[in-house]
Amino acid sequence: MNTAIFSDTGGGSVGIGFAIEAGVVKQISDTLIKNGKVTRGWLGVEIQPMTERYAEAWGLKNTHGAIVRAVTAGGPAEASGIKRSDIIIAVNDEEVKDSRDLTQRVGSLLAGTKNKFKILRDGKEQTLLVTGARAR
């Protein structure tokens, strides 16, 4: 769904548009119809993309996942044991492709629900249970 089209003259487009993916629009509209509001999930981390350089440095086969750059004190991630430098590779058994994918997955989690986060820490996979919170 188009959300905005940029025009510096007001009369026509210069070819820059902004859009929301159809799947996201459907999910939000379904939630609005069912609940009358949308509450986004919150994890309490700052993430950065997994690049080829990082993957190579950590001896990983691909660039899937997202690196935890910082953990918010008192947030759901800290409470569940997620730490700085962990690599989040799956949420509820669904692979995390990249940092954007992780952001969307976390945003769709319901506050108060327990969710499985698969991480890599020191080269070993671990699964942590994270109770989602309302986005701040």
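Residues numbered from 1 in each chain as written. Predicted model: local features only at pLDDT ≥ 70, side-chain atom pairs only at ≥ 80, totals over all residues. Heavy atoms only, no water.

Asks: Describe the side chain of asparagine 115, and please don't skip the residues or the numbers.
Replies: Relative to the assigned elements, asparagine 115 resides in strand β8 (residues 114-121). Given a relative accessible area of 5%, asparagine 115 falls into the buried group. Among the polar contacts listed, one links the side chain of asparagine 115 to the side chain of asparagine 92, at a separation of 2.9 Å. Once residues within four sequence positions are removed from consideration, asparagine 115 is found in contact with Asn92, Leu109, Leu128, Leu129, Val130 and Gly132. (Helix = DSSP H or I, 4+ residues; strand = E, 2+ residues; numbered from the N terminus. Buried < 20%, exposed > 50% of the residue type's maximum accessible area, 1.4 Å probe, protein only. Polar contact = N/O pair within 3.5 Å; in protein donor to acceptor, adjacent residues only side chain to side chain. Contact = heavy atoms within 4.5 Å.)

Asks: Please provide a residue-by-residue account of the side chain of arginine 105, values included.
Replies: As for its position among the elements, arginine 105 is in helix α4 (residues 99-107). Here glutamate 94 takes part through its side chain, which lies 2.7 Å from a polar atom of the side chain of arginine 105. Leave out the neighbours within four places in its chain, and arginine 105 touches Val91, Glu94, Glu95 and Val96.

Asks: An account of the nonpolar core is requested, with residue identities and associated values reported.
Replies: Ranked by size, the top nonpolar core spans 15 residues in total, and within it Leu43, Ile82, Ile88, Val91, Leu102 and Phe117 carry the most contacts. At the level of elements, β5 (66-71), β6 (87-91), α4, β8 and β9 (124-131) are the ones that each hand at least two residues to this core. Apart from residues lying up to four places away in sequence, isoleucine 82 is in contact with Leu43, Val45, Val68, Val71, Ala77, Phe117, Arg121, Leu128 and Val130. One finds Ala55, Ile67, Ile87 and Leu120 within the second-largest nonpolar core, a separate group that totals six residues. (Core = buried A, V, L, I, M, F, W, Y, C linked by side-chain atoms within 4.5 Å.)

Asks: Which residues make up α4, and what values go with them?
Replies: Turning to α4, its buried residues number three or more, namely Ser99, Asp101, Leu102, Arg105, Val106 and Gly107. Packing partners of the buried residues in α4 comprise β3 (41-42), β4 (45-49), β5, β6, β7 (94-95) and β8. The N-capping residue of α4, defined by a side-chain oxygen 3.2 Å from the backbone nitrogen of arginine 100, is aspartate 98.

Asks: So what's going on with the pattern of salt bridges? Residues and values would help.
Replies: Under the criterion given, the structure shown has seven salt bridges. Its salt-bridge partner being aspartate 30, residue lysine 26 comes within 2.8 Å of it at the nearest N-O pair. Taken together, the positions of lysine 26 and aspartate 30, both in helix α1 (residues 22-35) and four residues apart, correspond to about one turn of that helix. With a shortest N-O distance of 2.9 Å, aspartate 93 and lysine 116 are connected by a salt bridge. One end of the pair, aspartate 93, is in the loop between β6 and β7; the other, lysine 116, is in strand β8, and 23 residues separate them in sequence. On the accessibility criterion, aspartate 93 (59% relative accessible area) is exposed. (Salt bridge = Lys/Arg side-chain N within 4 Å of Asp/Glu carboxyl O.)

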